[in-house]
Each structure stands twice: as C-alpha cells, then as structure tokens.
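# Breakdown of the fold
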Amino acid sequence: MKAIRRFTVRPVLPEPLRPLSDLARNLRWSWHPETRELFRSVDPDGWRAAGGDPVRVLGSVPAGRLTELARDEQFLARLTAASADLDDYLSGDRWYQRQSSGGGEAAELPAAIAYFSPEFGVTAALPQYSGGLGILAGDHLKSASDLGVPLIGVGLLYRHGYFRQSLSRDGWQQEHYPLLDPNELPVTLLRQPDDTPVRVHLALPGGRSLYAHIWVARVGRVPLLMLDSDVEENGPNERDVTDRLYGGGSEHRLLQEMLLGIGGVRAVRAYCALTGHAAPEVFHTNEGHAGFLGLERIRELQQDGTEFDAALEAVRAGTVFTTHTPVPAGIDRFDRHLVARHFGEGAELPAVDTDRILSLGRETYPGGDPNVFNMAVMGLRLAQRANGVSTLHGAVSREMFAGLWPGFDPEEVPITSITNGVHAPTWVAPEVRALGARQIGAERAEEALSVGGSLRWDSVTDIPGADIWELRRDLRAQLVAEVRTRLRASWRERGAGSAELGWIDGVLDPDVLTIGFARRVPSYKRLTLMLRDRERLTRLLLDPDRPVQIVVAGKAHPADDGGKRLVRELVRFSDDPRVRHRIVFLPDYGMGMAQKLYPGCDVWLNNPLRPLEACGTSGMKAALNGCLNLSVLDGWWDEWFQPDFGWAIPTADGHGLDEDRRDDLEAGALYELIEQRVAPRFYDRDADGLPERWIEMVRHTLADLGPKVLAGRMVREYVEKLYAPAAHAHRALDVPGAAELAAWKTRVRTAWPQVAVDHVEVDEASGVAELGAVLNLRVRVALGVLTPEDVEVQAVAGRVDTSDRLADAQSVPLKPAGGPDQQGRWVYEGPLTLDRTGPFGYTVRILPTHRLLPAGADLGLVALPTEATGEGAGVLMR
C-alpha cells in the first residue's frame, strides 16, 4: 500500500540537547569537522544511513538515545563547546569587519550584497546544484561567511533537485527525480510575525498568478533565500515552475528565471524588512539566468516616480554581472515574442515599457538575431561592472561580446576577470587538514584555508616526505574502498547478482598511480578523448612495471543524447574484463562522491577543447589535497600552470585542422605525457622507497598553488575590485545623479553622428625616430553640439603588426588649444613619447566622458580617423 500523504515527525529534544537543533540548521556543519563529529557520535549508524546529514539524523534518532545523551556530561560539554564556537563564528568580527573598521575607502564597503544564482551547491544534504556553477556559488557563500562579507544568497528550491543518475545494463544513462520534502532539508520557511508564510507574487498572462514561498538556509553567517512555487494557491503548471533544475521547455525556463530575478528581489526586500538585515547596495548576477532582477529594481524606482532611463542608470551602478560560459549554447536565449507576452499590460511589470525591456536583451551586433532575447546580453546591459572567471575566460568574453561595444578593440571591452576559487574547508580531506594542523596549529591552519593570502602555506615545505607519501597512500586506499562500494551498488542497479560481482574485490590497487576525471559531460569536455587509441590506453592500464588506473564520473544533461552516448562508450570500455580492474565509471557524480574522489587521486585529468573551459575548478579541489594536474592549458590552468604543479597537454589548434585529426593529436600527446613523464615520476623511488621528485611536486602544489586557488582569495577580490566600487557608484548615483547621467547619455547619443576626427598633424615627418623622442600631435575635431566637457580626445599608441594593428596600446589624453574656430572645429594638442623600440604606431580617437561613467567604452561610442584625416599611423623606431 502507498501513503496518500506524508509527514515529517520530529522528536522533541530534551532541554539540554536543544542546541543540537541550531547546529543542525546552520550549514556551517558541512565544513566544520568538529560539528560533524558531534553529530556522528549522536548515532553512528544513523549518521551513515543519513549520508552525514544532521537534520535527518535528528529526525530518526531513538528517543532512548536522546535521553541517554541528555545525561552524558562528556557529550554535553562537547555540545556546549560546539554551540559557543558557532555563536562566536556568527557574531565575531572577521576579515570584512576589520577592513571596514580601518577607515579610508575600506570603511565604505557595502552594507550588504545580494548574490543571485540559479543553483547552489552547499552540501549534498541540500541537492540544489548540477555542476560547476552551483558548486562555485556554494563556495562563494561559504567563503563570504568565513570572511564576514554581508552576503544574501538568492536562488530557487527545486522539489526534485537535479536528477540522480544510474546506468542500464548496456551502460545507457538513466535519470531519476526523487521528491525532496523541504521539511526534511536544513531549511526554514520564512514567516510573518503572525506565523503565516511569506509569499512573493508574479502576475502571468491571462490573469494567472505565480506564488512562491521563501525557504531560508543558514550558510554560516549568510542567509540563502530559495523560492518555492509548490504552493496550494498556484495552478498545476505554476506549482511545477520550481520542479527541476534546468528542466522543461522555453516558457518553463523563462518562468523560472522571472521568479529567480523578479521574485528574488521581492524576497530580499521581505527578508530584510522582517529580520532587520541591511538592504543590499550591490546586486551580483551570477550568470544570465538571474538577469531579470535588474528589471524589478527598475520597476521599484519607477514606482517612486523615476523615469526609465534614470532608473536604468541607477540600477546599473550597483550591479555586478559574472559570465560563466564561453559556449554560446550555455546562454539562455528566448523568443522575443514569448518574453513580450510575459511583460507589460496584463502580465508582470506593467509599468515598465515592454519595448524597453526587449531592447535590453536584443542581439543588435553583427551576427546576432534581433528576434531572440539573450539573457547574457541583458545581464551585461544592466550591469556597470562585469567579469569572466579566469584571465583567459575574461579575454574570450571580451571577444565574444565585443559587438556590444562597436568601434573598440576586444581588449578594451569593459569585462574584467576574477579567477574562481574553491572553499578549502569543504574540499580538503580531514587527513590533509590534520597534517597541516600538526605543522602550524589548528587555528592557524583554519585561517590559512579560509581567508587565503597566508604565508603559512610555506610551512608545507617542512613536512617530511615520508609523512606526505604515507598520507597520499592512505587517501588512495580510502578511494579504492569507496570505489568498490559504489561500483558494487551500481552493478546491482544494472541487474547483476552477487555471484557475478566477485571481481569487484580486486578493482583498483592502493599502490597504483591513480588518475581522476569527473565533470559534466558536454561534448567540449571530451570525456572519451582517452579512448581515441584503445590499445594504447590498455597498455598503459596493464603495464607490468608502471600501471595506471583511472576513475571516471560524470553526468550528461537529460536532453543531451550525444553526451549520453559518450557516457555509454566509456562505460562499455570500462566493462571489458581485461581492464575493468584498472578503469571504472562511477554513476551519480555529486558532492558526496567528489569529497572522496579528489583527495584519493594522484593526478587530475582535464582535456577540454581550448578555450571553452571558463575556469574548471575541479582541478583546484584536487590540488588542495596534493593531487597533481594534467590538463589542457585552459581556464585557470592556463593562468597558473607551472611544471612544479603538473603537466600541460599540448593543444592542436592549427588552422584548417579537422576535429578528428585534432583529437587524435591531443590524445597522442596525452598518452605520451603519461608514458614518458607522469608514470616514471610516480614510480621512480629512492633508497627509502619514496618518489622524492613526485613528493616535491606535491609540496609545490600545496605551498605555491594552494593559496591561489582559494575561494577566500576570490571573494576578497570581488569585494575589493567589484563590490566596493559598485557600492561607491550606487551611492554617487542618487536619483538626481542618475537623471543627470541619463539625460547626458541621450544628448551624447543623439549628437554623436556629428562627432569626427577632421585632421591629424605631427611635427615629425620621418618614418624613423629615436627611442625617447617626443611627437607633438595636433588634432582637429568636430564635436557638433557637444563641448570639450563631453568628450576626451586621446592619442592611442603601441606596437603594430604587419597589418598596422595596434597591440599593447596605451592612451594619452590630448588637451584643447583654445576655443572653436569659425567652422566650430576644436584643436587638441599633446605630446606622444616614443617609449619602445621596433614597429610603433599611433592613432587618435574621441570618446564620451562624464564624471559618473565607469569607463570610456561604457556607451560603446567612439570616433576614429578616416583614411583621409591626416598623417599615417606608423612610426618605425630603432
């Protein structure tokens, strides 16, 4: 029989044990070993059955055991200490508070930041993530908490989360969507003082409504607000809006993103009003999915009487947009008519002009489709500050979106970069953390892991090689045991009986070089590159002297049959009795598996198509556990690779190279590296049986790379480079200032067709000049109705290539030399120093300028010389 309704029946905790509830409801336990150990001791068997989830443990512990613990003085002492430690963590000053109390610019840090993301990977006990974007968002919240940054996270609560993955007998991926009951999750429903649930409301076409409750997860000091449309007042379709992460068709996705952005802002307002939390001065849009948040903030300002253009400028000033993908398919694009139907009269935001909304997402650049609404384009237009997630990805993003700033070279497109990081307390194995604590002390080790930037990482160099090698073997042995357990469970799901599975007891070897590969399975990540030459791979796996073993995991999107075929291809190879003890595929990759996989591997493999990996943080997590990276120079590895940290797989990126030939060449390079460099380094032992050169690479990885890959470093950079400037801009751009800036932009855009560079003169006619010589430039420009206060005339100089394209260019402002002439032309003058040798060139240009503009390229307007303007641009230096 099947129950017609389900309840969660919680035990009543005895008074002495009441602090357990607060400890379980704050997700700090997910990265705080002492709290996890406390809950493990409550019920060790229940802890294992609950997958290490304190809320589920407390929901199932027998009443007799609670009574026993309530009289256990030793347990109560540990509970008191854990509770006091959490209180101190939540209320004490941390990095952010120390910065803001220091005076100067740091004292003007934002009072609060709202961080919007479609997914958050905080812990396996709250499965609201699919891959890297969600894990990064979860690590961002946790690191913000450790640093004391006043963040408010905003997302959706998916009743089915992301899918669970299993395999059919022939290796085809199968998806399952277990129903999640919020009452069994570490979340709390946000309620009014009269105990009624807080709701947000969106108006839909046809007089329909979309309601959502707000669930709050406590991520240390950071509240995470998650909107849930499974509300009785909703119709069936509306109840299902938050059913699955990245599920459904276009309209379903559009409604999810409207609820996340528009409903999310309303949830933040309700939360701040109820709790007294400071209102956000900065809104961070983590990928385009949350871009509609800017429209709701425009509506708020328009409701107070602000015109659209002024409201847009005010919203832009305090908005940060982070793009996470260089793959166009990863950007949501909706039919413009679908978007138009959901806004305006009879739908959402009726006071905001629908044509203005549509213009924010239009692809107006060459090659764009004006009939689609691009969420990333809207995100960029609604944010004054934008960034990619690695140095290389920043450059790729500037190229990708250069059409939004016509007339500017890609390097001048106002998209910067902050390289991702990972939350070390979450991803560092307890054994690795314990080794560090023995070396420098527990408190100093915790600070080094969470805050980042600590020189204490250098102490790794003093750890004896034998201790490092013993730790690495222990972690490898733990992985072997974990793999066998998971592999046996997977084969049972595939229909195998116990009599068929005796071979699993011999899968993997704790003394064999172990390579890990785990990630989502889009085609560009090339899950099966290792299979290009199967016989060569087989020889590597079965080498009698230097064998290799590989652990693979990953999920293909449910709608991606191509990705599923790649999974099946890998699974079928790993099923071969010749090699199945040396290569395994583990289904249902998630945080729980990852926390065992990263520490247990010796080498982390990453072989995407360059430059399609925006960052790729899995290799960072592996590195923090002493695992070496073997990767294509893409994402963060392109930025920080050194031979001390691992190996770079060469890329075959010549022009005209077909895909098969490229993959063959790069697979060959991968095999060559493993055969000639990686395996010999691992198996080359000294008289004490230690691979000293390998251990030295582990030391360098931990000491030199470790501090760079921390999310603490990443969040500090967001605060200093983006959040603080955005808060300053937000304060400077009050309603009158925003109106002034909007009116000025309208005037400049209208007048810009009359702006031109008429003539350029230089006092050096020769094509050769000496290093250090000074050219005196004289430029005549037409400004139409604009004045010198509206523009900046610049000389732009740098090296030139054979096509006279400027590289490494620097700009020098020129000054007006008097008033306009009889034709209304202005003359600008200034010196240009020839400060480098070789082919050197210059040009001049006119940009709009205003005290409230964040960058000269902000409007995407520039006036450049024509061929007939004046002197040539090239000067050869010797």
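Our subject in this report is the structure included herewith.

Conventions adopted
Residues numbered from 1 in each chain as written. Predicted model: local features only at pLDDT ≥ 70, side-chain atom pairs only at ≥ 80, totals over all residues. Heavy atoms only, no water. Pairing = 2+ DSSP bridges. Helix = DSSP H or I, 4+ residues; strand = E, 2+ residues; numbered from the N terminus. Right-handed = clockwise from strand over helix to strand, strands pointing away. Salt bridge = Lys/Arg side-chain N within 4 Å of Asp/Glu carboxyl O. Buried < 20%, exposed > 50% of the residue type's maximum accessible area, 1.4 Å probe, protein only. Phe/Tyr/Trp six-rings, centres within 6.5 Å; stacked < 30°, edge-to-face > 60°. Lys NZ or Arg CZ within 6 Å of the ring centre and 35° of its normal. Core = buried A, V, L, I, M, F, W, Y, C linked by side-chain atoms within 4.5 Å. Contact = heavy atoms within 4.5 Å. Axes fitted to C-alpha atoms, helices over the stretch in contact; angles between N-to-C directions.

### Quick word on the pairing of strand 20 (residues 646-649)
- Direction of pairing for strand 19 (residues 628-632) relative to strand 20: parallel, over a ladder of four bridges. Residue Asn629 lies in a different strand from strand 20, and its bridge partner there is Gly646.
- Following the chain from strand 19 across helix 25 (residues 635-640) to the adjacent parallel strand 20, one finds a crossover that is right-handed.

### Some details on the pattern of salt bridges
- Tallied over the entire structure, the rule returns 60 salt bridges.
- Of the charged contacts, one joins Arg341 and Glu251 as a salt bridge, the two residues approaching to 3.4 Å between their closest N and O atoms. Here the residue Arg341 occupies a position in helix 13 (residues 336-341), and Glu251 occupies one in helix 10 (residues 250-275), the gap between them amounting to 90 residues.
- The salt bridge partner of Arg473 is Asp511, with a shortest N-O separation of 2.6 Å. Highlighted residues: Arg473 in helix 20 (residues 465-493) and Asp511 in the loop between helix 20 and strand 15 (513-518), separated in sequence by 38 residues.
- Judged by its relative accessible area of 35%, Arg473 falls in the partly exposed class.
- Within the structure, one salt-bridge network assembled from shared partners comprises Arg159, Asp228, Asp230 and Arg239.

### Quick look at the packing of aromatic side chains
- By the definition in use, this model includes 18 aromatic pairs.
- Measuring from centroid to centroid gives 5.8 Å for Trp647 and Trp694, while their planes differ by 40 degrees, and the two rings are tilted. A residue pair is termed long-range when its members are at least 10 positions apart, and Trp647 in strand 20 and Trp694 in helix 27 (residues 692-705) qualify at 47 residues. The exposure classification of Trp647 matches that of Trp694, with both residues buried.
- The structure contains a cluster of three or more aromatic residues connected by ring pairs, namely Trp469, Trp647, Phe682, Tyr683 and Trp694.
- When the ring centre of Tyr177 is taken as origin, the NZ or CZ atom of Arg244, which lies over that ring, is 3.5 Å away.
- Residue placement shows Lys621 over the ring face of Trp427; its charged tip is 4.8 Å from the ring centre.

### Considering the nonpolar core
- In this structure, Leu513, Met530, Ile550, Leu630, Trp647 and Trp694 are the most contacted members of the largest nonpolar core, which totals 105 residues.
- Among residues more than four places away in sequence, those in contact with Leu630 are Val603, Trp604, Leu605, Asn606, Trp647, Ile649, Leu670, Leu673 and Ile674.
- Counting residues in each nonpolar core, the second largest holds 57 residues, with Leu156, Ile214, Leu293 and Leu295 among its members.

### Comments concerning the sheet that holds strand 26 (residues 815-816)
- An order of 21-23-27-26 is seen for the four strands of this open sheet, with the pairing classed as antiparallel. Unpaired on one side and paired on the other, strand 21 (756-762) and strand 26 mark the two borders of the sheet.
- By the bridge criterion, six bridges tie strand 21 to strand 23 (residues 774-782) in an arrangement that is antiparallel. Each bridged residue has a counterpart across the sheet, and for Glu761 the counterpart in strand 23 is Arg778.

### Details of unusual backbone geometry
- Cis geometry is found at the peptide bond from Arg610 to Pro611, where omega equals 5 degrees.
- Tracing the sequence through the fold places Pro611 in the loop between strand 18 (603-606) and helix 24 (618-623).
- The phi torsion at Glu287 lies on the positive side, around 80 degrees, for a residue other than glycine.
- Within the fold, Glu287 resides in the loop between strand 9 (282-286) and helix 11 (293-303).
- Given a relative accessible area of 4%, Glu287 falls into the buried group.

### Comments concerning the sheet that holds strand 19
- The strand order 17-16-15-18-19-20 describes an open sheet built from six strands, whose pairing is parallel. Two strands in the sheet have a free side with no partner beyond their single neighbour: strand 17 (583-586) and strand 20. Within the sheet, the average angular offset between the axes of one strand and its neighbour, ignoring direction, is 20 degrees.
- Sheet topology note: the strand 15/strand 18 ladder contains two bridges and is parallel. Note on strand 18: the bridge partner recorded for Gly516 is Trp604.
- The strands touched by helix 21 (residues 534-542) within the sheet are strand 16 (548-553) and strand 17, with strand 16 carrying the most contacts at an inclination of about 115 degrees.
- With respect to the sheet, helix 22 (residues 561-574) is in contact with strand 16 and strand 17, its orientation differing from that of strand 17 by roughly 135 degrees.

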